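Tertiary structure, described
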Amino acid sequence: LSLHDALPILPAHKVEAAVVAHWHTVTFSEALISGVRGTVDGEFESMLARDQLVVAEQTTRLGRLEARREKLLDGFMDGLIAKADFALRQDSLDRELRDARQVIAGASRLHENLKARVETNLRLLRHAGRLYELLPDDGRQTLNQVRYEALEIDIDQDGQVLVGSE
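Overview of the structure. (Residues numbered from 1 in each chain as written. Predicted model: local features only at pLDDT ≥ 70, side-chain atom pairs only at ≥ 80, totals over all residues. Heavy atoms only, no water.)

A closer look at the overall build of the protein
Inclusion rule: Starting at the N terminus, helices and strands are each numbered in turn, a helix being any DSSP run of H or I of at least four residues and a strand any DSSP run of E of at least two. The globule rule is 2.2 Å times the number of residues to the power 0.38, and the radius of gyration it is compared with is taken over C-alpha atoms. Any residue under 20% of the maximum accessible area for its type is buried, any over 50% is exposed, and the rest in between are partly exposed; the area is computed with a 1.4 Å probe on protein chains only. The accessible surface values rely on the Shrake-Rupley method and a 1.4 Å probe; as for residues, cover is taken only from the protein chains in view. His is not counted, nor are the chain ends; Lys and Arg add positive charge and Asp and Glu add negative charge. Charge positions are represented by NZ for Lys, CZ for Arg, CG for Asp and CD for Glu.
When its secondary structure is counted, the protein shows 6 helices and 2 strands. Of the regular secondary structure in the protein, the N- to C-terminal order runs α-α-α-α-α-α-β-β. The C-alpha atoms of the protein give 29 Å as radius of gyration, which overshoots the globular expectation for 166 residues (15 Å, by more than 25%). Over its C-alpha atoms, taken along the principal directions, the protein stretches across nearly 95 × 35 × 20 Å. Residues counted as buried form 25% of the 166 residues belonging to the protein. About 11600 Å² of surface is accessible on the protein, with carbon and sulfur atoms providing 55% of the total. Averaged over its 21 positive side-chain charges, the protein has a centre that lies 11 Å from the centre of its 28 negative ones.

Re the packing of helix H2 (residues 12-23) against helix H6 (residues 137-147)
Just so we agree on the cut-off: Interaxial angle, 0 to 180 degrees, is taken between N-to-C directions of lines fitted to C-alpha atoms, where a helix line uses only the stretch in contact. Here the word oblique covers every angle except those under 35 degrees (roughly parallel), over 145 (roughly antiparallel) and from 65 to 115 (roughly perpendicular). Left-handed describes a crossing whose near helix is turned anticlockwise from the far helix by less than a right angle; the clockwise case is right-handed. In this analysis, two residues are considered to be in contact whenever any of their non-hydrogen atoms come within 4.5 Å of each other. Side-chain classes follow a simple rule in which Ala, Val, Leu, Ile, Met, Phe, Trp, Tyr, Cys and Pro form the nonpolar group, Asp, Glu, Lys and Arg form the charged group, and the remainder, Gly included, forms the polar group.
Where H2 contacts H6, the two axes come as close as 13 Å, and the packing angle between them is 55°. The orientation of H2 relative to H6 falls into the category oblique. Considering only the axes of H2 and H6, their crossing is left-handed. Contacts between H2 and H6 involve Glu16, Val19, Val20 and Trp23 on the former and, on the latter, Arg140, Leu143, Asn144 and Arg147. For the contact of H2 with H6, the per-class residue count stands at 4 nonpolar, 1 polar and 3 charged.

Worth remembering: the numbers are spatial, not functional.
This is the structure:
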């Protein structure tokens, strides 16, 4: 008797549908969800604190750059700086100002987008099946590996795929 003779060959789409259906029966405890929320909130606050430092540094940089720009303009207006030199320095300052503003805006946007995604995923913990369905294949695989030691897949007498877990 070969291994092929001993094991049923199951269509992949039926197995996947059965695994998805199984995930719809999974419920995470409120204690687990609360623990995950606490961990995520802690990490999020650390990230926010780091981002706030970056924003503060860039805001200070922005102030220094604006002051340099004013001095440059004053020097040009007083005839101390040649027009060609003024234009080069002005372009350089404009690039630095733009960079500082982009870093500040980027940190704010990243924080807001990440917070929204985290909230969505935390809410989805109450709906494990929906969470599983929304994940790409590699995310589903990771979720299966984290949650289960093994998934037992079999067929009943009617040919329906059954999924159990250890």
